[in-house]
Amino acid sequence: QVQLVESGGGLVQAGGSLTLSCAASGRTFGTYNMGWFRQAPGKEREFVAAINWRGGSTSYADSVKGRFTISRDNAKNTVSLQMNSLKPEDTAVYYCAADAKLWVLGLSVREYDYWGQGTQVTVSS
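Residues numbered from 1 in each chain as written. Predicted model: local features only at pLDDT ≥ 70, side-chain atom pairs only at ≥ 80, totals over all residues. Heavy atoms only, no water.

A. Main features of unusual backbone geometry. Positive phi, close to 55°, is recorded for Asn77, a residue that is not glycine. Here Asn77 lies in the loop between β7 (68-73) and β8 (78-83). For Asn77, a relative accessible area of 26% puts it in the partly exposed group. Phi is positive for Ser85, which is not a glycine, with a value near 50°. Position of Ser85 among the secondary structure elements: in the loop between β8 and β9 (92-99). For Ser85, a relative accessible area of 42% translates into the label partly exposed. (Helix = DSSP H or I, 4+ residues; strand = E, 2+ residues; numbered from the N terminus. Buried < 20%, exposed > 50% of the residue type's maximum accessible area, 1.4 Å probe, protein only.)

Right, dumping it as structure tokens:
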């Protein structure tokens with residue numbers, strides 16, 4: 001089992017940047033693929049980005065491709081999401097998630113086993 005805690009959310013103007021971090025504790029962090037998801041008010045939780053257990057493979061939602069970058073540091077048990085050129089439509093609660101199934105990089109909510117509590121990101125226009 002792994003415990004996940006997100007940080008780094010906040011209020012930013014459109015065009016600005018934020019970096020979200022997710023700290024993991026518990027079972028060896030390097031045995032999980034990691035993902036970031038987000039949920040806006042009244043909408044379903046959606047995939048944002050994922051990175052495999054080694055950090056050598058990543059995937060992004062089309063809506064954030066070229067603006068967001070996911071990375072991980074297995075020595076520090078952290079995964080980060082660098083968000084640039086933020087838009088009002090990026091406003092949501094952002095969640096970090098861990099997936100123990102290492103043979104495929106999960107892109108959907110149902111594929112992830114453990115979740116953090118989320119951190120709010122608000123982008124003003």
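Here the narrative resumes, following the displayed structure.
B. Just the packing of aromatic side chains, in detail. In total, this model carries six aromatic pairs according to the counting rule given. Measuring from ring centre to ring centre gives 6.5 Å for Tyr95 and Trp115, while their planes differ by 75°; the resulting arrangement is edge-to-face. Taken together, the residues Tyr95 in strand β9 and Trp115 in strand β10 (residues 114-115) connect sequence positions 20 residues apart. We classify Tyr95 as buried; its relative accessible area is 12%. Its relative accessible area of 24% is what places Trp115 among the partly exposed residues. Every member of this aromatic cluster is reached through a ring pair, and the members are Phe37, Phe47, Tyr95, Tyr112 and Trp115. Above the ring of Trp115, the side-chain terminus of Arg45 is found at 4.9 Å from the ring centroid. Seen from the ring of Phe29, Arg72 lies directly overhead, with NZ or CZ sitting 4.4 Å from the centre. (Phe/Tyr/Trp six-rings, centres within 6.5 Å; stacked < 30°, edge-to-face > 60°. Lys NZ or Arg CZ within 6 Å of the ring centre and 35° of its normal.)

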